[in-house]
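Given next are the chains, with one letter for each unit.
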Amino acid sequence: MTLKEKTRIMDREAIEKAISRIAHEILERNEDTTALAIIGIKNRGAYIGKRIADRIEKISGGRPSVGALDITLYRDDLTQIAEQPVVHATEIDFNIDGKKVVLADDVLYTGRTVRCALDALIDFGRPSEIQLAVLIDRGHRELPIRADYVGKNVPTSPKEVIEVRLSEADGADEVVLCEKINSR
Amino acid sequence: MKNETKNKIVWTKKDLLGLEYLSPEEIEFILYTAASFKEVTTRQIKKVPALRGKTVVNLFYEPSTRTRTSFELAAKRLSADVINIAAESSSITKGETLIDTGRNIEALKIDIIVVRHNCSGAPNILSRVVNVSVVNAGDGWHEHPTQALLDIFTLKEKLGRIEGLNVSIIGDIAHSRVARSNIWGLTKLGAKVTVCAPPLLIPEGIEKMGVSVTSDINEALHDADAINVLRMQFERDSAVAFPSKIEYFKKYGITTERLRKCKKSIVVMHPGPINRGIEMSSEVADGSNSVILEQVTNGIAVRMAALYLVSHAKK
């Protein structure tokens, strides 16, 4: 299966503005940054989480705790996927008990990744609240999961794929809508 | 591990029989995965659901506390169910063959057999006869892959790399599966390996594995970045070469004095259990060069990685 790029949905400036707005919304809802933790879902969610935390620090002066979660070990679809799952290390070096945790990810689709993240997080401790921030919500939820903070809502069809590219990993900042094409 | 290699590798091996059969990239991949699993052992709840509902059988034909407990803990931390079968308290004493034992265990619908056997090649035979995953926990004098992997993991943690390191393996090389697995793993990752043993305990042709050979302990220590000190098994195999333990200690024992003469600060490893005062002095075993206890801790992470990867092998 190959992907064909169709349109660019967000450029670098749009991503920056979305992250800035999400940071403001998080502060609006959670005034106390000392009890706040931003935990990104690896890989790209972790970069987004860190950008949100940086923005929050710039706006309010207080820096929330930052962590990164690898959910590979909590997935329920490992026997069905074609590509090799790689287990990366989770980096949460603070106690999450009692904290307001904002999970961050790049794209919210079926909701199964977030379900894994919730299970993983609960194994680490008992946050007082878990909220969800995503850069893109593309619909088609298969579980009752919703985001508290959304960068952009993008209606898609199952034949499409949203690719979030971030300079930390892909050399550029952009969000691209692609179409799946079956190789002949 | 480089990003590109990480993303290209696909783990296809349903068994872990030895490091001889793995490519350098596959070995690196296990080490990378083990590092991620090490983090799990630092959590309050040391469990992940990765092998939930799967069953791991420890089939041990030789007694073991360390390896067996390590595998059992690794499986349990992955949420697997564990069954321990010790040969001396099973139908194996009634003469049941390895192949029959394997097939009968498989018929219980289990997922992974971790096997330790006194015959070299027994896990290989088992892997051909059953469809479930087979992990070698030590077979005869042949291989002990997870031990070598945890040794290499510990070394990499301590010194940052394997390539270009001078590593000396010291002790009863002839009868050591730990030595052989280490030689495979270290040479594949680019280390320079020296084996050091009394002449009678150096197997013929070992140079063909790409190692230097010496019977002089000072030569083995001289340029070494790390040493792996093997247990002298005076109760069985090693006794052919040495009449007394004191003589062995005098000629080959790792002491603080011997380490002090070397210009580098040598990392000291031992697969355990240590014979204090025979392979090394207590001072060295408990000293700052020793990473022996770290090896034990890393063993759990490495075995979690091994169990996880073989159970998710892509066909």
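Now for a quick tour of the structure. (Residues numbered from 1 in each chain as written. Chains lettered and ligands numbered in written order. Predicted model: local features only at pLDDT ≥ 70, side-chain atom pairs only at ≥ 80, totals over all residues. Heavy atoms only, no water.)

1. Re the interface of chain A and chain B
By a widespread convention, an interface's size corresponds to the accessible area lost as its parts come together.
Here is step 1 of the chain: With 17 residues of chain A in contact, the opposing surface of chain B contributes 21 residues.
Here is step 2 of the chain: In total, about 1600 Å² of surface goes out of reach between chain A and chain B, with carbon and sulfur atoms giving 60% of it.
Here is step 3 of the chain: Contact with chain B buries surface across chain A, with A:Leu73, A:Gln84 and A:Val87 losing the most and accounting together for 38% of the total.
Here is step 4 of the chain: The interface formed by chain A and chain B holds zero salt bridges in total.
Here is step 5 of the chain: Counting across the interface, chain A meets chain B through six residue pairs in polar contact (both at pLDDT 80 or more).
Here is step 6 of the chain: Partitioning the side of chain A that touches chain B into residue classes produces eleven nonpolar, four polar and two charged. (Contact = heavy atoms within 4.5 Å. Buried area = accessible area lost by both parts, 1.4 Å probe. Salt bridge = Lys/Arg side-chain N within 4 Å of Asp/Glu carboxyl O. Polar contact = N/O pair within 3.5 Å; in protein donor to acceptor, adjacent residues only side chain to side chain. Nonpolar A, V, L, I, M, F, W, Y, C, P; charged D, E, K, R; others polar.)

2. A short note on the sheet that holds strand 5 (residues 129-137) of chain A
All names here are of chain A.
Here is step 1 of the chain: In space, the five strands of this open sheet follow the order 3-2-4-5-6, with parallel pairing throughout. For this open sheet the edge positions go to strand 3 (65-69) and strand 6 (149-153), each flanked by a neighbour on one side alone. Between one strand axis and the next, the sheet turns through 20° on average, direction left out of account.
Here is step 2 of the chain: Bridging between strand 2 (residues 36-41) and strand 3 involves five bridges; their strand directions are parallel. Residue Ile39 lies in a different strand from strand 3, and its bridge partner there is Gly67. (Pairing = 2+ DSSP bridges. Helix = DSSP H or I, 4+ residues; strand = E, 2+ residues; numbered from the N terminus. Axes fitted to C-alpha atoms, helices over the stretch in contact; angles between N-to-C directions.)

3. Some thoughts on empty space enclosed by the protein
To find leftover empty space, a probe the size of one water molecule is rolled over the atoms.
Here is step 1 of the chain: In this structure the tally under the stated criterion is one cavity of 30 Å³ or more.
Here is step 2 of the chain: Here the largest cavity is characterised by a volume of approximately 30 Å³.
Here is step 3 of the chain: In terms of lining residues, the largest cavity is bounded by A:Asp70, A:Leu73, A:Val87, A:His88, A:Thr90, B:Ser36, B:Glu39, B:Val40 and B:Arg43.
Here is step 4 of the chain: When the residues that make up the lining of the largest cavity are grouped by side-chain class, the tally is three nonpolar, three polar and three charged. (1 Å grid on protein atoms, 1.4 Å probe; cavity = no way out; pocket = protein on both sides within 12 Å on 5 of 7 lines; lining within 4 Å. Points joined across faces, edges and corners; volume = space filled by probe spheres on them.)

4. Here's the deal with the side chain of B:Ser176
All names here are of chain B.
Here is step 1 of the chain: Here Ser176 is to be found in the loop between strand 5 (166-170) and helix 7 (177-188).
Here is step 2 of the chain: One polar contact links the side chain of Ser176 to the main-chain amide nitrogen of Val178, over a distance of 3.3 Å.
Here is step 3 of the chain: Apart from residues lying up to four places away in sequence, Ser176 is in contact with Trp141 and Leu230.

5. Points about the nonpolar core
Here is step 1 of the chain: Among the nonpolar cores identified, the biggest contains 119 residues, and A:Leu69, B:Phe37, B:Ile254 and B:Leu307 are the most heavily contacted of them.
Here is step 2 of the chain: Here this core takes eleven residues from helix 12 (residues 292-311) of chain B, the largest share from any one element.
Here is step 3 of the chain: Counting 27 residues, the second-largest nonpolar core is a separate cluster that includes A:Met10, A:Leu36, A:Tyr149 and A:Ile162. (Core = buried A, V, L, I, M, F, W, Y, C linked by side-chain atoms within 4.5 Å. Buried < 20%, exposed > 50% of the residue type's maximum accessible area, 1.4 Å probe, protein only.)

6. As for the packing of helix 6 (residues 145-159) of chain B against helix 7 of chain B
All names here are of chain B.
Here is step 1 of the chain: Two elements in contact, helix 6 and helix 7, have axes separated by 8 Å at closest approach and are oriented at 55°. Judged on the interaxial angle alone, helix 7 and helix 6 are oblique. The handedness of the crossing between helix 6 and helix 7 comes out as right-handed. Contacts between helix 6 and helix 7 involve Pro145, Gln147, Ala148, Asp151, Ile152 and Leu155 from the former and Val178, Ser181, Asn182, Gly185 and Leu186 from the latter.
Here is step 2 of the chain: For the contact of helix 6 with helix 7, the residue count by class is six nonpolar, four polar and one charged. (Parallel < 35°, antiparallel > 145°, perpendicular 65-115°, else oblique. Left-handed = near helix turned anticlockwise from the far one by under 90°.)

7. Digging into the sheet that holds strand 7 (residues 160-165) of chain A
Residues and elements named next belong to chain A.
Here is step 1 of the chain: Strand order in this open sheet of three strands is 1-8-7, and the pairing throughout is antiparallel. With partners counted over all chains shown, the strands left at the sheet margins are strand 1 (2-10) and strand 7, one partner each. This sheet shows a mean twist of 30° between the axes of neighbouring strands, independent of strand direction.
Here is step 2 of the chain: Alignment of strand 7 against strand 8 (residues 174-181), held across six bridges, turns out to be antiparallel. The residue bridging Glu160 from the neighbouring strand is Glu179, located in strand 8.
Here is step 3 of the chain: Along the sheet face, helix 1 (residues 12-29) touches strand 1, strand 7 and strand 8 and points at about 65° away from the line of strand 1.

8. Thoughts on the pattern of salt bridges
Here is step 1 of the chain: Under the criterion given, the structure shown has 38 salt bridges over all chains.
Here is step 2 of the chain: Here A:Arg21 makes a salt bridge to A:Glu25, at a shortest N to O gap of 3.2 Å. Separated by four residues within a single helix, A:Arg21 and A:Glu25 lie in helix 1, roughly one turn from each other.
Here is step 3 of the chain: Judged by its relative accessible area of 35%, A:Arg21 falls in the partly exposed class.
Here is step 4 of the chain: A residue is classified by how much of its surface remains accessible, and A:Glu25, at 26% relative accessible area, is partly exposed.
Here is step 5 of the chain: Across the salt bridge formed by B:Glu62 and B:Arg177, the nearest N and O atoms sit 2.9 Å from each other. You can see B:Glu62 sitting in the loop between strand 1 (55-60) and helix 3 (66-77) and its partner B:Arg177 sitting in helix 7, a full 115 residues away along the chain.
Here is step 6 of the chain: Judged by relative accessible area, B:Glu62 falls into the buried class, the value being 11%.
Here is step 7 of the chain: Residue B:Arg177 is classed as buried on the basis of its relative accessible area of 10%.

9. Notes on unusual backbone geometry
Glycine aside, the phi torsion of most residues is negative, and most peptide linkages are trans.
Here is step 1 of the chain: Residue A:Lys42 is joined to A:Asn43 through a cis peptide bond whose omega torsion reads 5°.
Here is step 2 of the chain: The residue after B:Gly272, namely B:Pro273, is reached through a cis peptide bond having omega -10°.
Here is step 3 of the chain: Looking at the secondary structure, you find B:Pro273 in the loop between strand 9 (267-269) and helix 11 (282-285).
Here is step 4 of the chain: Within the chain, A:His140 stands out as a residue other than glycine whose phi angle is a positive 65°.
Here is step 5 of the chain: For A:His140, the position within the fold is in the loop between strand 5 and strand 6.

10. Some words on the packing of aromatic side chains
All names here are of chain B.
Here is step 1 of the chain: For the structure shown, the criterion picks out two aromatic pairs over all chains.
Here is step 2 of the chain: For the pair Phe37 and Tyr308, a centre-to-centre distance of 5.5 Å together with 65° between the ring planes defines the contact as edge-to-face. Of this pair, Phe37 sits in helix 2 (residues 24-40) while Tyr308 is found in helix 12, placing the two residues 271 residues apart along the sequence.
Here is step 3 of the chain: The class of Phe37 is buried, set by a relative accessible area of 0%. (Phe/Tyr/Trp six-rings, centres within 6.5 Å; stacked < 30°, edge-to-face > 60°.)

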